[in-house]
Amino acid sequence: MTEPGVETRTRSSVITARAAASFDPVGRSVATARAFVRDTLQGWGYSDVVDDAVVLTSELVTNAVIHAGTSADVLCLRTEDGVRVEVADRYPEREVPIQGTGQSFGSPDRENGRGLLLCAALASRWGVEYTPTYKQVWFQLDLPQRQVGTRSAGPVLPTSLLPVADERVRVAVVQIDRAGTVVNWNVDAEHLFGYAAEQVIGKPLTDIAAWPHTPGIGTGIVEALQLSRWEGSYGIRGADGRVIPVYASHLRVRDTHGEPSTVCLLVRDDERAVIQTPLRAPVTDTGAESRSADPFEVFIGSPAPDDLDGLLQRTVERARDMLDGDSAFLLLATDDETELEVRASTGLPSARQRFARVPVEAGTGRYSSARMPAVHDDLTAVPGAVPLLNDTGMRSVVTVPLKVEGRLTGSLGVAAEGAARYSNEEALRLQFAADRIALAVESARLGELERLRRGSLSFLVEASDLLAGTLDRDQTLALMAQMTVPTLATWCAVYTIADQSSDPYLSYVLHEDEDRIDGLKALLSKIDPPDPVPAPGARIWTAPADAAHQAALRTSMRELGRSSSPVSSGIGTTLATAAAVGGETVVLPLVARNRVIGMLTLGKPSDDHFRQEILELAEDLSRRAALALDNARLYSERTAISQALQRSLLPPGLPQVPGVEVEVIYRAAGEGNEVGGDFYDLFPIRDGAYGFAIGDVCGTGPEAAAVTGLARHALRLLAREGFGGPAVLERLNAAILDEGARSRFLTLLYGELWPQEDGSAVLKVVCAGHPLPLRLRQDGTVEPAAEPQPLLGVMEDLELYEQVVTLNPGDVLLCVTDGVTERREGTRMLGDDGLADVLTTCTGLTAGAVASRVLRAVERFAAEPASDDMAILAMRVPEPHTG
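Notes on the structure follow. Computed from a predicted model, the values in this text were never measured in an experiment. (Residues numbered from 1 in each chain as written. Predicted model: local features only at pLDDT ≥ 70, side-chain atom pairs only at ≥ 80, totals over all residues. Heavy atoms only, no water.)

## A closer look at the environment of Asp 48
Topologically, Asp 48 is positioned in the loop between α1 (28–43) and α2 (50–68). Owing to a relative accessible area of 39%, Asp 48 belongs among the partly exposed residues under this scheme. When the C-alpha positions of Asp 48 and Asp 142 are compared, they lie 9.4 Å apart, and in sequence the two are 94 residues distant. (Helix = DSSP H or I, 4+ residues; strand = E, 2+ residues; numbered from the N terminus. Buried < 20%, exposed > 50% of the residue type's maximum accessible area, 1.4 Å probe, protein only.)

Take a look at the structure:
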């Protein structure tokens, strides 16, 4: 049975290509899956749907490998009109929320609740399929429909007015690869130019092309072949040496592997009507004079550029030409129509003005009437009427609104350096042109916003994945900066605030040009940091630009005063830094858990501005980055506390034992652990007597470490109270049992060490369930130095006894925990015998060398890191020195 809202059928389209990959249930697989889908679709030429496919795949693979904890199988299928992506996991028991059934998709903010919600929002169709062993979620993304219909048409003409052509019209089709070499040459090309295909294939087109060199025009044949589309006249040298004038139409294409080439259609120049793209005549009003010669309207009637920036730039250039102006500009309105944003200009310092914003109601007379055409004969009489033209030398201007369905979408203006250049007639002409272009501009703007939205969503998914992958504070700071530069800004600075009483601290600085980082850091260090205001959103911060300007001015004045001396390199660095931060600078608060923990500062170079969409994306990023940074801070604090507590469980230091060498090696298992379930100690009991212990608490981690602290401190206290070895361990056993449910089993080797005047050492040892100590004699023999007795923490009544061992000069006593003897590689285990074999090779070595050799043997026994705590205690009685 099919639930409403979810489609489970497959498409009937023919599958033309497929790609599949499997990903392990680990965090990094999500990023790997995204890269796999992105590379696959771009290789197929489906860039139109790449961003949506990457976002959906990321969510579905995250659900599989992170939340479900299973591997994920990703399959991409290509059809003629789209792509289908299938993500399967091994956890089929989960229920699928269905639209229209009263079930909820859950909150979009839940990490595991967005996948199906995004499928419903972005995919053309999607569905879920189950089998007894896996669940598969698939989605279909259709390619955008290409516009179809009449591109241009002409009237019905009498036969006598039709263009003249030969009885047999020939169109040469020539294909040129990316290197400019001919790769295809059709039969009509052979007839027109006299070359057989084998004579020209593999040779550059420039060998036979006669390209005109028009003064002032820099485009050559090589450049023309790189353009997406080109149309015009040139010549081809025929086989007989004559130049044949041709009319050509070039189209740049790419094959399914992404390899570009240019297809050239060539006809005789006098037959150009066969392939020439006709210019559509403009629509004329009844009774109005013809505007067919108007260059701007000719442009409107021809195919417009595909991208918004290209369309806007072409618009201002043609508007300027139409009214014979010195400059022109086009501003687009924000969604609430309260501001206008500069998007294109010509004849003005566009780099200085691009993306600058001005309020619609600002100024004296002009922008208060932004919704109506306006003409200003002399801007010097009304300063600030058109803020964009301040200090540009322009005196007269005509501006008209761009409107769609009565809503203000932008403003188009043309200006001139002379006064009184424009009248109402020019305003009407410009308004007519603006009405023609307004809908195309708005459509392109909405398309750009949609692409930005989808690209932003993909960017935030990637950013969240990267930020979630680390708990290191410094790495989080670096990631924050590297994600913003150069994607969102030219430079970035991150300020951090340790606590509410601390001032902001400059923690990280990054510039897209590495040579500018030191100068930028020095500049920011000299100025007060921005105020930690918790209000959301970006706010302008002028201090860096002002400080850079003042520093550059002071440096320049000093250099002028040193006219007799060569110019120093300092002025170059200062001026470069001033240019780097001279544009717009914004500050975004980093707020986590209702506290400002820092500020993210983004900057542009001289006179450049941020787009509102970029600032909104930066604000989203700052929220995610703030939480990641605060998580890293909390993790660092808790790790520091944990490590401090753990270090308190270790002995403060090993005492020097007269006549005995002592070496200890300790390794705690688990990331971030300095102390685990294994422990050791060596401490003075009284004059001439030392206590030593090595033990192993059942388990690892903090719970085991707690018993470790109890055992170590109890041993010292009881031993110094004068109790012998058995009595010490019996009382420690009672203390462990008193812990109740928190108690742990404990194996313990405890002993007392008595150095002797004859150079030997006497040991009294109790081995309670612990691996037996091994004694290495000077002749190389190895033997156990104690007998096994019951471990601690199991039975209340223990009857323990101690054994006496005498170490002669040259002898070694080796004590280890089971992390050494139980070291495994597959089914093999080092064991007591393996440890004894290692010890037999240590004759004559110092205690430190013995411990190190044992550790190396343990590490080399298996390739994988040790999974258990490990302690090694070696004691050796040195041989007497002979004179």
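## Quick look at the side chain of His 770
Within the fold, His 770 resides in the loop between β27 (761–768) and β28 (774–776). Within the local environment of His 770, its side chain forms a polar contact with the side chain of Thr 747, the two groups lying 3.0 Å apart. Within the structure, His 770 has its side chain in polar contact with the backbone oxygen of Val 816 (distance 2.8 Å). The contact partners of His 770, leaving out residues within four places of it in the chain, are Ile 694, Gly 695, Asp 696, Thr 747, Leu 748, Leu 749, Val 816 and Thr 817. (Polar contact = N/O pair within 3.5 Å; in protein donor to acceptor, adjacent residues only side chain to side chain. Contact = heavy atoms within 4.5 Å.)

## Description of the packing of helix α19 (residues 831–840) against helix α20 (residues 847–861)
In contact at an axis separation of 10 Å, α19 and α20 are set at 135° when each is read in the N-to-C sense. Classed by the angle they form, the pair α19 and α20 counts as oblique. In this structure, α19 meets α20 at a crossing whose hand is right-handed. From α19, Leu 835, Val 838 and Leu 839 reach across to α20, where they touch Val 850, Arg 853, Val 854 and Ala 857. When the residues that make up the contact of α19 with α20 are grouped by side-chain class, the tally is six nonpolar, no polar and one charged. (Axes fitted to C-alpha atoms, helices over the stretch in contact; angles between N-to-C directions. Parallel < 35°, antiparallel > 145°, perpendicular 65-115°, else oblique. Left-handed = near helix turned anticlockwise from the far one by under 90°. Nonpolar A, V, L, I, M, F, W, Y, C, P; charged D, E, K, R; others polar.)

## With respect to the sheet that holds strand β30 (residues 803–807)
What the five strands build is an open sheet, ordered β24-β25-β26-β27-β30; its pairing is antiparallel. Of all strands in the sheet, those with a lone pairing partner are β24 (678–686) and β30, marking the two edges. Neighbour-to-neighbour, the strand axes of this sheet turn through a mean angle of 20°, independent of strand direction. Direction of pairing for strand β25 (residues 689–697) relative to strand β26 (residues 746–755): antiparallel, over a ladder of eight bridges. In the sheet register, Ile 694 faces β26, and the bridge partner there is Leu 749. Packed onto the sheet, helix α17 (residues 725–737) meets β26 and β27 and runs at close to 150° relative to β26. (Pairing = 2+ DSSP bridges.)

## Section: the sheet that holds strand β7 (residues 182–185)
Taking strand neighbours across the sheet as the criterion, the six strands line up as β7-β6-β11-β10-β9-β8 in an open arrangement whose pairing is antiparallel. Both edges of this open sheet fall to β7 and β8 (209–210), since each of them pairs with a single strand only. Across nine bridges, the pairing between strand β9 (residues 229–237) and strand β10 (residues 243–254) is antiparallel. Considered in β10, the bridge of Arg 229 is made with Leu 251.

## Details of a negative patch on the surface
Taken together, Glu 730, Asp 738, Glu 796, Asp 797 and Glu 799 make up a surface patch of like negative charges. For Glu 799, the position within the fold is in the loop between β29 (782–784) and β30. A relative accessible area of 75% means that Glu 799 is categorised as exposed. (Patch = residues over 30% accessible without salt bridge, like charges linked within 9 Å, V, L, I, M, F, W, Y side chains within 5 Å. Areas by Shrake-Rupley, 256 points an atom, 1.4 Å probe, with all protein chains shown as cover. Salt bridge = Lys/Arg side-chain N within 4 Å of Asp/Glu carboxyl O. Lys, Arg positive; Asp, Glu negative; His and termini not counted. Charge placed at Lys NZ, Arg CZ, Asp CG, Glu CD.)

## Thoughts on unusual backbone geometry
Omega for the bond connecting Val 485 with Pro 486 falls within 30 degrees of zero, at 0°, which places this linkage in the cis form. Mapped onto the secondary structure, Pro 486 falls in the loop between α11 (473–484) and β18 (491–496). In this structure, Ala 420 takes a positive phi of about 55° despite not being glycine. As for its placement among the helices and strands, Ala 420 is situated in the loop between β17 (407–416) and α10 (424–468). We classify Ala 420 as exposed; its relative accessible area is 53%. Here Arg 593, not a glycine, exhibits a phi torsion of approximately 55°, which is positive. Looking at the element boundaries, Arg 593 is found in the loop between β21 (585–592) and β22 (595–603).

Bear in mind that shape data such as this cannot, by itself, settle questions of function.
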